[in-house]
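What follows is each chain in one-letter form.
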Amino acid sequence: MSDDAVSETAEPSEAPWFAEGVRFSCVAGCRRCCGGAPGDVWVTEEEIAAIAAFMKLSVEDFERSYVRRYASGKPSLRERRNHDCILLDEKGCSVYAARPKQCRDYPFWPEVMDTPFAWLAERNRCPGIGEGELHDAPKIVDMLKTQKRG
Ligand code: SF4
Ligand code: SF4
């Protein structure tokens, strides 16, 4: 059988393991995904401009204090010495309404949604996983497709 014949008769791609949806609700007062361990919060140039505007800062001033750039030029938010995000304060995210997509999408990240085991393992970090609101698969797939990570 030729490759063409295979592609014509191929079954639609398999449903994701989370086809029935998964439960997640953020737990009030928890801030664990915003720090505590080294990591990157990747930001686009548009997100930098949006957060700067939210903080009523110029893009230049915001970048100077809150953004680090890797040798490739790719920007990510700075961390404090304890690895908390620089934008985390005692009440939570100080720019919540303008937080980057990476933060808005958590915990629906590719590495977390890869397998049911990865999803359950992420509960060690995020107590909201498996609890509360049911999130349907198409919404999660859309989020995964539109994520641009470092
Ligand atoms: S770790 Fe989970 S429950 Fe805690 S703040 Fe982050 S998303 Fe919310
Ligand atoms: S930008 Fe806000 S939501 Fe994202 S990691 Fe920093 S404090 Fe948390």
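1. So, unusual backbone geometry
Along the chain, Y106 connects to P107 via a cis peptide bond; the corresponding omega equals 10°. Structurally, the position occupied by P107 is in the loop between α4 (101-105) and α5 (110-113). The phi angle at K56 is positive, at roughly 60°, despite the residue not being glycine. Looking at where K56 falls in the secondary structure, it is placed in the loop between α2 (45-54) and α3 (59-66). On the neighbour-count criterion, K56 (8 C-beta atoms within 10 Å) is exposed. Residue H83 is not a glycine yet carries a positive backbone phi of 80°.

2. Notes on the packing of α2 against α3
One way to put it is that α2 packs onto α3 with a least axis distance of 9 Å and a crossing angle of 100°. Regarding the angle of α2 to α3, the classification is roughly perpendicular. Contacts between α2 and α3 involve I48, A49, I51 and A52 from the former and V59, F62 and E63 from the latter. Its residues assigned to classes, the contact of α2 with α3 comprises six nonpolar, no polar and one charged.

3. Remarks on the environment of V95
By the element assignment, V95 lies in the loop between β5 (92-93) and α4. With 52 residues separating them in the primary sequence, V95 and V43 have C-alpha atoms 13 Å apart.

4. Considerations on the site of ligand 2
Close contacts around ligand 2 come from C34, V41, L77, C85, L87, L88, C93, V95, R99, P100 and C103, and that covers them all. Its residues placed into classes, the shell around ligand 2 shows ten nonpolar, no polar and one charged.

5. Comments concerning the site of ligand 1
Within the structure, ligand 1 sits among C26, V27, C30, R31, R32, C33, Y106, R125, C126, P127 and G128. When its residues are assigned to classes, the shell around ligand 1 shows seven nonpolar, one polar and three charged.

6. Comments concerning α2
Of the positions making up α2, those classed as buried are E47, I51 and A52. Taken end-on, α2 shows its buried residues confined to a sector of 135°, consistent with a single buried face. Of the residues in α2, the exposed ones pointing more than 90 degrees away from the buried face are E45 and E46. Looking one or two residues past α2, K56 carries a phi angle of roughly 60°, positive in sign.

Conventions adopted
Sequence order sets the numbering: in each chain, residues are counted from 1 along the sequence as written. Lettering of chains starts at A and numbering of ligands starts at 1, both following the order in which they are written. Where local features are concerned, this predicted model is filtered to residues with pLDDT of at least 70; where side-chain atom pairs are given and counted, the filter is 80 or more; whole-chain, interface and lining totals use all residues. Put simply, DSSP H or I for four residues or longer makes a helix, DSSP E for two residues or longer makes a strand, and each gets a number counted from the N terminus. Counting other C-beta atoms within 10 Å of each residue's C-beta, where C-beta atoms are placed from the backbone, gives the exposure class: buried for 20 or more, exposed for 12 or fewer, partly exposed between. Fitting a line to C-alpha atoms yields each axis, with helices limited to the stretch in contact; the angle taken between N-to-C directions then spans 0 to 180 degrees. Reported orientations rely on four angle classes, namely roughly parallel under 35 degrees, roughly antiparallel over 145, roughly perpendicular from 65 to 115, and oblique for the rest. Note on contacts: residues are paired as contacts if their backbone-placed C-beta atoms lie within 7 Å. Residues are grouped as follows: Ala, Val, Leu, Ile, Met, Phe, Trp, Tyr, Cys and Pro are nonpolar; Asp, Glu, Lys and Arg are charged; every other residue, Gly included, is polar. Near, as applied to residues and a molecule or strand, means the residue's backbone-placed C-beta atom lies within 6 Å of it. The reported arc concerns the directions from the helix axis to the C-beta atoms and nothing else.

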